[in-house]
Amino acid sequence: MDSACINFRGCTGEINTKSPLGYHLSFTDDLQQMVEHISTKFPMRPIYLSGFSLGANVVTKFLADIGTGAKEYNIRGAAVNAVPFDLVKVAPNLSDPGFTKAVYGNSLCKSLKRRTQESLQVCEQDFSGDTFEAIETIREYDDLVV
């Protein structure tokens, strides 16, 4: 059995200098490119996808997007865990006071700000540094950056 892994853009520890795009819950292009590459290079090998949290959402959305076309890629199955299915209900948990914000939302926001600041050194920005520095929640980050 062989395996392949995607590191989402901006999650490798290196500044993303090749594309102004980052990752988000609906971005399936990288997964599709990898699946196409593997199924072209190894057409007889079955492909099984797996994802956790954001990765689970990407796998689920990709499979929904390609539908029965999964057979063309020889995708035989998928396993996902902690999928944020209802983003309207889940998103406030990252920004509103409570356990999820305290444990995960604050850390994610700091990490996104740090990675964005690093990328801004090599990419153009559509907002001021002062506005960016004032961001304290995922919701504020999304409103300004995404």
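Definitions and cut-offs
Residues numbered from 1 in each chain as written. Predicted model: local features only at pLDDT ≥ 70, side-chain atom pairs only at ≥ 80, totals over all residues. Heavy atoms only, no water. Helix = DSSP H or I, 4+ residues; strand = E, 2+ residues; numbered from the N terminus. Buried < 20%, exposed > 50% of the residue type's maximum accessible area, 1.4 Å probe, protein only. Contact = heavy atoms within 4.5 Å. Pairing = 2+ DSSP bridges. Right-handed = clockwise from strand over helix to strand, strands pointing away. Core = buried A, V, L, I, M, F, W, Y, C linked by side-chain atoms within 4.5 Å. Phe/Tyr/Trp six-rings, centres within 6.5 Å; stacked < 30°, edge-to-face > 60°. 1 Å grid on protein atoms, 1.4 Å probe; cavity = no way out; pocket = protein on both sides within 12 Å on 5 of 7 lines; lining within 4 Å. Points joined across faces, edges and corners; volume = space filled by probe spheres on them. Nonpolar A, V, L, I, M, F, W, Y, C, P; charged D, E, K, R; others polar. Expected span 1.5 Å × (residues − 1).

Explain the overall build of the protein to me, please; I cannot follow it from the model alone.
When helices and strands are counted, the protein shows 6 helices and 2 strands. When the helices and strands of the protein are listed from N to C terminus, the series reads α-β-α-β-α-α-α-α. Within the protein, the proportion of its 146 residues that are buried is 31%. A separation threshold of at least 6 residues defines the contact pool for the protein, and within that pool the share at least 24 residues apart is 64%.

Explanation requested: the pairing of strand β2 (residues 75-81) in the structure shown.
As a general feature of sheets, a regular strand has side chains that alternate between the two faces. In terms of strand pairing, strand β1 (residues 47-52) meets β2 through 6 bridges, oriented parallel. What sits directly across from Gly51, in β2, is Val80. Between β1 and its parallel partner β2, the chain crosses via helix α2 (residues 54-66), and the hand of that crossover is right-handed.

How should the nonpolar core be read in this particular structure?
Burial of nonpolar side chains together is a common tendency in soluble globular proteins. Judged by nonpolar contacts, the single largest core of 13 residues is most densely connected at Leu31, Val35, Leu49, Phe62, Ile66 and Ile75. Those elements giving two or more residues to this core turn out to be α1 (29-41), β1 and α2. Among the elements that make up this core, the one with the highest residue count is α2 (5 residues). Setting aside anything within four residues of it in sequence, one finds Val35 in contact with Ile47, Leu49, Phe62, Tyr73 and Ile75.

Help me understand the packing of aromatic side chains, please; the structure alone is not making it clear to me.
Any aromatic ring pair is given by two values, namely how distant the centres are and how the planes are angled relative to each other. Scanning the model with the defined rule gives 1 aromatic pair in all. On the numbers, 6.4 Å between centres and 40° between planes, the contact of Phe62 with Tyr73 is tilted. Of this pair, Phe62 sits in helix α2 while Tyr73 is found in the loop between α2 and β2, placing the two residues 11 residues apart along the sequence. Tyr73 shares its class with Phe62; the two are buried.

Help me understand unusual backbone geometry, please; the structure alone is not making it clear to me.
Excluding glycine, residues mostly carry a negative phi; peptide bonds, for their part, are mostly trans. Not every positive phi belongs to a glycine, and Asn74 is a case in point at roughly 65°. In this fold, Asn74 is placed in the loop between α2 and β2. Despite not being glycine, Ala82 has its phi angle at roughly 60°, a positive value. Tracing the sequence through the fold places Ala82 in the loop between β2 and α3 (87-95).

Any chance you could explain the layout of surface pockets here in plain terms?
Over the atoms rolls a probe the size of a water molecule, and its path tells where empty space is left. Roughly 730 Å³ of volume is contained in the second largest pocket. In terms of lining residues, the second largest pocket is bounded by 23 residues, among which Ser3, Ala4, Met34, Tyr48 and Leu49 are the most central. If you tally residues by element for the lining of the second largest pocket, the top one is β1, at 6 residues. Looking at the lining of the second largest pocket, its residues break down into 17 nonpolar, 4 polar and 2 charged.

I tried to follow α2 on my own but got confused; where do I start?
Given 3.6 residues per helical turn, the α-helix brings residues three or four places apart onto the same face. The first and last C-alpha atoms of α2 sit 18 Å apart over 13 residues, in line with the 18 Å expected at 1.5 Å per residue. Those residues of α2 that fall on the buried side of the exposure criterion are Leu54, Gly55, Ala56, Asn57, Val58, Val59, Phe62 and Ile66. In this fold, the buried residues of α2 make contact with α1, β1 and β2.

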